[in-house]
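Observations on chain architecture
Spelled out, the chains give:
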Amino acid sequence: MSQMSDYLSHDEVEDAMPLSRREQFEWFQTNYNRMAPEDRYWKTLEVYSGDIFGFPKKYLIALKSIKPNDYLKDLPNELTDVDPITVYRGTDALESVGTVRSGISWTINKNVAIWFSQRFCTTGKVFAATIEKKKIIGFITSRNEDEVIQHCNVRNVVEIIPTQEEIRGAIEAHAKSIESHTF
C-alpha cells in the first residue's frame, strides 16, 4: 500500500478497534499494514500497554521509523530541558549489565523499577541508565509505569542496589497507584 487512500481512515481505525484486549490484539495484527503510520504508531503503543502477554517486540522496534513529532507529548514537564534522561529497569535475577540494554521497557520512575525487581522474587535487580530523547521509541503513562520504550539505545548502564527502605516505599507506592488506577 503506497498511497494514503489505501489506509484505513483515522475514524475507521477508532471505530473498528474492539474493546476486549485479546480481540484488540487480533484486530491490530490483522489491520497493522492497513493503518496510516501515525495511527499505527499510537495503536501499537495502546495495544502493547494493554498487557498482552508475549506482545511481539518487532512491532515496537518498527515504531522507530514512524515516530510522530509529538511522540514525547506525555513526558513530564520537569524533563523538558533534560537530555539525556535517566531511566530505570527492574528485572529478575538473570539479567546483567550486558543483557539489560536490549530490554524494551524502562521507566523514568525508580520506584516502578524497584517494584518490578521484587514482584516475583526478592533477588531481582534494578538498573539505571541514560537515553537521549531522540532515541526513545515511545513513552506510555497508561499503566502508571511512566514507561519508556527503547531498543538497544540506553547508555551508562549500572546496577543499583535499593535499600530495604526504598523497597518498602516502592511496594507501598505501587499499592497506592493500583488503588487510584481507573481501569
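Note that the coordinates shown come from a computational prediction; the quantities given were computed from them, not determined experimentally.

As a further point, take the overall build of the chain. Looking only at helices and strands, the chain features seven helices and six strands. Its helices and strands in sequence order give the chain the pattern α-α-α-α-β-α-β-α-β-β-β-β-α, from N to C terminus. Relative to a compact globule of 183 residues, whose C-alpha radius of gyration would be 16 Å, the chain shows 17 Å and is just as compact. Across its three principal directions, the C-alpha atoms of the chain cover 55 × 30 × 30 Å. Within the chain, the fraction of its 183 residues that count as buried is 44%. When the accessible surface of the chain is summed, it comes to about 10500 Å², and 50% of that surface belongs to carbon and sulfur atoms. Positive and negative side-chain charges in the chain, numbering 22 and 27 respectively, have mean positions lying 7 Å apart.

Moving on, we get to the packing of aromatic side chains. All chains considered together, the criterion is met by nine aromatic pairs. When the ring of Phe28 is compared with that of Tyr59, the centres are 5.0 Å apart and the planes differ by 75 degrees; the resulting orientation is edge-to-face. Residue Phe28 is located in helix H2 (residues 21-31), and its partner Tyr59 is located in helix H4 (residues 57-62); the two are separated by 31 residues in the primary sequence. Among the residues examined, Phe28 registers a relative accessible area of 0% and is labelled buried. The buried category is assigned to Tyr59, whose relative accessible area is 8%.

With respect to the helices and strands, Gln150 occurs in the loop between strand S5 (147-149) and strand S6 (155-160). A distance of 2.9 Å separates a polar side-chain atom of Gln150 from the backbone oxygen of Arg101. Of note is the side chain of Gln150, whose polar atom sits 2.6 Å from the backbone nitrogen of Asn153. In contact with Gln150, other than residues within four places in its own chain, are Arg101, Ser102, Gly103, Ile104, Trp106, Ile131 and Ile137.

Residues three or four positions apart in an α-helix share a direction because the helix packs 3.6 residues into each turn. Buried within helix H6 (residues 110-118) we find Val112, Ala113, Ile114, Trp115, Ser117 and Gln118. Where H6 is buried, its residues meet strand S1 (85-91), strand S2 (105-107), strand S3 (125-131) and helix H7 (164-180). The opening residue of H6 is Asn109, an N-cap whose side-chain oxygen sits 2.9 Å from the backbone nitrogen of Asn111.

With that settled, the discussion passes to the nonpolar core. Phe28, Phe55, Leu60, Val87, Trp106 and Ile149 are the most contacted members of the largest nonpolar core, which has 39 residues in total. Among the secondary structure elements, those contributing two or more residues to this core are H2, helix H3 (37-48), H4, S1, S3, strand S4 (138-140) and S5. Looking at this core, the element that brings in the most residues is H3, giving four residues. Those residues within four positions of Val87 in sequence are excluded, and the remaining contacts are Trp106, Thr107, Ile108, Phe127, Ala128, Ala129, Ile131, Val148 and Val154. Formed by seven residues, the second largest nonpolar core is a distinct cluster that contains Ala113, Ala128, Ile167 and Ala170.

Reading the values: the criteria
- Residues numbered from 1 in each chain as written.
- Predicted model: local features only at pLDDT ≥ 70, side-chain atom pairs only at ≥ 80, totals over all residues.
- Heavy atoms only, no water.
- Helix = DSSP H or I, 4+ residues; strand = E, 2+ residues; numbered from the N terminus.
- Rg over C-alpha atoms; globule rule 2.2 N^0.38 Å.
- Buried < 20%, exposed > 50% of the residue type's maximum accessible area, 1.4 Å probe, protein only.
- Areas by Shrake-Rupley, 256 points an atom, 1.4 Å probe, with all protein chains shown as cover.
- Lys, Arg positive; Asp, Glu negative; His and termini not counted.
- Charge placed at Lys NZ, Arg CZ, Asp CG, Glu CD.
- Phe/Tyr/Trp six-rings, centres within 6.5 Å; stacked < 30°, edge-to-face > 60°.
- Polar contact = N/O pair within 3.5 Å; in protein donor to acceptor, adjacent residues only side chain to side chain.
- Contact = heavy atoms within 4.5 Å.
- Core = buried A, V, L, I, M, F, W, Y, C linked by side-chain atoms within 4.5 Å.

Such coordinate-based values are descriptive only and should not be taken to indicate function.
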